[in-house]
Amino acid sequence: MAWYKDKIFWGILIAAAITKLTVFLWLVVAGPLGNQVLVFPDSLGYVFPAQTLLAHGSLWEAISSSPMLLRTPGYPVFLALVQLVGGNMTWAVVAAQNILSFCLLLPVYLSARRVGSVGTARLAAGFCAISVLYFTLSFAVLTETLCVFLLAWFVFLVLCWLDHPRWYYLLGSALLLTAAVYVRPAVYYFVPVGFLLFSLYAALKKSLTRLLQTVLCFLLPAVVLIGAWHVRNYKQTGYGGFTSVGAYNLYIWNEDFVAKQNNITVAQAYQQLERALPSDFYSFSAAQQVETYKQLAKPLLKQSWKYKISRLPLWAGKTLFGTNQAHLTRLLLGQEENQETALNQTDALPHAWLGSGVEKLLFALALIQVASVALLGICGLWINLKKYPAQTVFLLVYTGYFWLLGSSFLGAYARFRAPFEFVFCITAAIAVKAFWPHKRKKYIPLP
């Protein structure tokens, strides 16, 4: 049965569309925070380059005339396109992201059919439709919704290629993965991971065709397209890296250790790290700034590695089970709070947003949804390993990559689960189908 003939799937789509439209209209007409509910501290780093692109034809760093280097161009270009079509970079952006979030159900459904049944696909789409994380992030001027949409189609095309080694599946996956790299640099290192994984699969299959496709249709296009931004950066800034955000994070994400060491808050530790930069730091060239970040980070990393290892279980847990409670209460209850804390919470539980009974109820419902999908998703990976070994190993490596990356420092929280939660929606559906009691029809012989 073709996906467009599945009436149950259409029912899920319609329910998701009505819910999103209702919340969107309520926020526009009656939301107490106005469009500020959509804006986070990170948003300016994308909005400003998008505005300079529209006004001057080039991407500049936020509040400066320097070429953009900290951020990558994917999301600013998306914002600029939405601005051209919709007229602004708040409600129009969120409307576009809700459309992408709605359309995300299709690659999730199709991928689930590749590794399960039609029933599995319906469940996977349903799990994705009720995702608290995807719901909240679609109402934020942040990169996750666009990136997840691209990654979901990437995963689907890879699953297609594992079934049928057609070159166009792998070429399409390379283009989608590259686009996701341009939206979120965290995807960058999955290119070599994917290349190694696909090459190993080709070797195990003893398939020269698959190996050639991996090199020519996956690695080569990705290297050329990603390399283009390296060249741009070197020409315009003298720094040949893809982005400077890695060096920045290497230094700034020591703020939790600095806070503990000096018995101060994380916000105060951040200010201390900023003050430790040379007084003329922002007049340095891009290459000098990156090198300065790295040099300042080295002694901190040497001192903090034991502390960071001890905190890793907490960070991994926050990434896996985070409910995005701060943003959820902002959206549904109109609560104002420090936007920095909405993006970066250092405690295991969001105590600041668990005051009233309504807040506790929202948290409980969100935690049930998140934990159920995550735990069932892990079970589903194990269950499907024997039936679909290649596909399951790919999904496992993909999930493990983003989970590990998102759990490796203080910034770990729910947003970093976004790239792989849709995979858990698929494998959770597999687990439910496996655990669900199957009723056998009793056939009574005719006399």
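Structural data are supplied above this passage.
Residues numbered from 1 in each chain as written. Predicted model: local features only at pLDDT ≥ 70, side-chain atom pairs only at ≥ 80, totals over all residues. Heavy atoms only, no water.

Draft legend 1. Structural context of empty space enclosed by the protein. By the definition in use, this model includes three cavities of 30 Å³ or more. When its volume is computed, the largest cavity comes out at roughly 70 Å³. Every residue lining the largest cavity is listed: Leu100, Ser101, Leu104, Tyr134, Leu137, Ser138, Glu144, Thr145, Val148 and Phe149. Counting only elements with at least two residues in the lining of the largest cavity, the list comes to α4 (91-103), α7 (132-137) and α8 (144-163). Its residues assigned to classes, the lining of the largest cavity comprises six nonpolar, three polar and one charged. (1 Å grid on protein atoms, 1.4 Å probe; cavity = no way out; pocket = protein on both sides within 12 Å on 5 of 7 lines; lining within 4 Å. Points joined across faces, edges and corners; volume = space filled by probe spheres on them. Helix = DSSP H or I, 4+ residues; strand = E, 2+ residues; numbered from the N terminus. Nonpolar A, V, L, I, M, F, W, Y, C, P; charged D, E, K, R; others polar.)

Draft legend 2. Fine view of the nonpolar core. Counting 110 residues, the largest nonpolar core has Leu79, Leu151, Phe154, Phe394, Tyr398 and Phe422 as the members making the most contacts within it. Top contributing element to this core by residue count: α8, with 16 residues. Apart from the residues within four sequence positions on either side, Phe422 is in contact with Val108, Tyr134, Val148, Leu151, Ala152, Val155 and Tyr398. Of all hydrophobic cores here, the second largest spans 17 residues; its members include Ala247, Tyr248, Ala286 and Val290. (Core = buried A, V, L, I, M, F, W, Y, C linked by side-chain atoms within 4.5 Å. Buried < 20%, exposed > 50% of the residue type's maximum accessible area, 1.4 Å probe, protein only. Contact = heavy atoms within 4.5 Å.)

Draft legend 3. Up close: the packing of α4 against α8. Closest axis-to-axis distance for the α4/α8 pair is 9 Å, and the angle between their directions is 30°. The angle between α4 and α8 places the two elements in the roughly parallel class. Note on packing geometry: the crossing formed by α4 with α8 is left-handed. Contacts from Gln97, Leu100, Ser101 and Cys103 of α4 reach α8 at Thr145, Leu146 and Phe149. (Axes fitted to C-alpha atoms, helices over the stretch in contact; angles between N-to-C directions. Parallel < 35°, antiparallel > 145°, perpendicular 65-115°, else oblique. Left-handed = near helix turned anticlockwise from the far one by under 90°.)

Draft legend 4. The packing of aromatic side chains, seen in detail. For the structure shown, the criterion picks out 36 aromatic pairs. With 4.1 Å between their ring centres and 20° between their planes, Phe9 and Tyr109 make a pair best called stacked. Taken together, the residues span a long stretch of sequence, with Phe9 in helix α1 (residues 7-30) and Tyr109 in helix α5 (residues 105-114) at a distance of 100 residues. For the pair Phe9 and Tyr109, a shared accessibility class is recorded, and that class is buried. Judged by centre distance (6.0 Å) and plane angle (35°), the rings of Tyr251 and Tyr293 are tilted. Placement of Tyr251 in helix α12 (residues 245-252) and of Tyr293 in helix α15 (residues 286-321) is noted, with a sequence separation of 42 residues between them. Look at Tyr251 and you get buried, because its relative accessible area is 1%. Of the residues examined, Tyr293 reaches a relative accessible area of 7% and is grouped as buried. (Phe/Tyr/Trp six-rings, centres within 6.5 Å; stacked < 30°, edge-to-face > 60°.)

Draft legend 5. The arrangement of the layout of surface pockets in detail. Put simply, the second largest pocket is a space of about 420 Å³. Around the second largest pocket, the lining is made up of 21 residues, and of these Thr19, Ala129, Ile130, Ser131 and Phe135 lie nearest the centre. The set of elements that each furnish at least two residues to the lining of the second largest pocket consists of α1, α4, α6 (118-129), α7, α16 (325-333) and α18 (357-384). Looking at which element gives the most residues to the lining of the second largest pocket, the answer is α1, with five residues. Residues that form the lining of the second largest pocket fall into these classes: 16 nonpolar, four polar and one charged.

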